[in-house]
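An overview of the molecular structure
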Amino acid sequence: MEPIARPMHPLGHHGRDVECAAAAQAAFLELAERIEAMGWTADEAAATLLGLATSHVAARLVQTEVERAIRRAKLRAVAA
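Here's a quick rundown of the structure. (Residues numbered from 1 in each chain as written. Predicted model: local features only at pLDDT ≥ 70, side-chain atom pairs only at ≥ 80, totals over all residues. Heavy atoms only, no water.)

**Side note on the overall build of the protein chain**
Counting its regular elements, the protein chain contains two helices and zero strands. Computed over its C-alpha atoms, the radius of gyration of the protein chain comes to 19 Å, more than 25% above the 12 Å expected for a compact globule of 80 residues. For the protein chain, the spread of C-alpha atoms along the principal axes amounts to about 60 × 30 × 20 Å. Residue burial in the protein chain is summarised as follows: out of 80 residues, 10% are buried. In the structure as shown, the protein chain presents an accessible area of about 6900 Å², 65% of it carried by carbon and sulfur atoms. Computed over 9 positive and 10 negative side-chain charges, the inter-centroid distance for the protein chain is 20 Å. (Helix = DSSP H or I, 4+ residues; strand = E, 2+ residues; numbered from the N terminus. Rg over C-alpha atoms; globule rule 2.2 N^0.38 Å. Buried < 20%, exposed > 50% of the residue type's maximum accessible area, 1.4 Å probe, protein only. Areas by Shrake-Rupley, 256 points an atom, 1.4 Å probe, with all protein chains shown as cover. Lys, Arg positive; Asp, Glu negative; His and termini not counted. Charge placed at Lys NZ, Arg CZ, Asp CG, Glu CD.)

Structure representation (structure tokens):
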């Protein structure tokens, strides 16, 4: 597996999402090919990768909300 390029633009740059997609594309396609090489269909591989990505996004959103709730609770505790 070839290495994934590091970001060239700072966080918040308008083109960073496109840059990330380009950097990850080869590894993503290689993973899909590896799944298919083990006997899974292209549709199964694609659906699985989409499901994993969706679950990852949902978990990140939950984690962000938990972190916000902890920060709010700490601020309330300090203010009390």
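**So, the side chain of Glu 19**
Note on placement: Glu 19 falls in helix 1 (residues 16–37). Within the buried set, Glu 19 has no salt-bridge partner at all; the shortest N-O distance to an opposite charge, 5.8 Å, is to Arg 16. Setting aside residues up to four positions removed in sequence, Glu 19 forms contacts with Arg 6, Pro 7, Met 8 and His 9. (Salt bridge = Lys/Arg side-chain N within 4 Å of Asp/Glu carboxyl O. Contact = heavy atoms within 4.5 Å.)

**Observations concerning the layout of surface pockets**
Quantified by volume, the largest pocket comes out at close to 180 Å³. Lining the largest pocket, in full, are Ala 21, Ala 24, Gln 25, Phe 28, Leu 49, Leu 50 and Ala 53. Looking at the lining of the largest pocket, the elements with two or more residues in it are helix 1 and helix 2 (42–79). A per-element tally of the lining of the largest pocket places helix 1 first, with four residues. Considering only residue class, the lining of the largest pocket consists of six nonpolar, one polar and no charged. (1 Å grid on protein atoms, 1.4 Å probe; cavity = no way out; pocket = protein on both sides within 12 Å on 5 of 7 lines; lining within 4 Å. Points joined across faces, edges and corners; volume = space filled by probe spheres on them. Nonpolar A, V, L, I, M, F, W, Y, C, P; charged D, E, K, R; others polar.)

**Things to note about a nonpolar patch on the surface**
A contiguous nonpolar patch, built from Val 62, Val 66 and Ile 70 and spanning about 240 Å² of accessible area, is present on the exposed surface. Of note, Ile 70 is situated in helix 2. (Patch = residues over 30% accessible without salt bridge, like charges linked within 9 Å, V, L, I, M, F, W, Y side chains within 5 Å.)

**Structural notes on the environment of Leu 49**
Inspection of the secondary structure assignment puts Leu 49 in helix 2. Along the backbone, Leu 49 and Lys 74 are 25 residues apart, and their C-alpha atoms lie at a distance of 37 Å.

**A look at the pattern of salt bridges**
Scanning all chains against the criterion turns up two salt bridges. Across the salt bridge formed by Glu 65 and Arg 68, the nearest N and O atoms sit 3.9 Å from each other. Of this pair, Glu 65 and Arg 68 both sit in helix 2, separated by three residues, roughly a single helical turn. On the accessibility criterion, Arg 68 (42% relative accessible area) is partly exposed. Across the salt bridge formed by Arg 72 and Glu 65, the nearest N and O atoms sit 3.4 Å from each other. Overlapping salt bridges, with partners in common, bring together Glu 65, Arg 68 and Arg 72 in one network.

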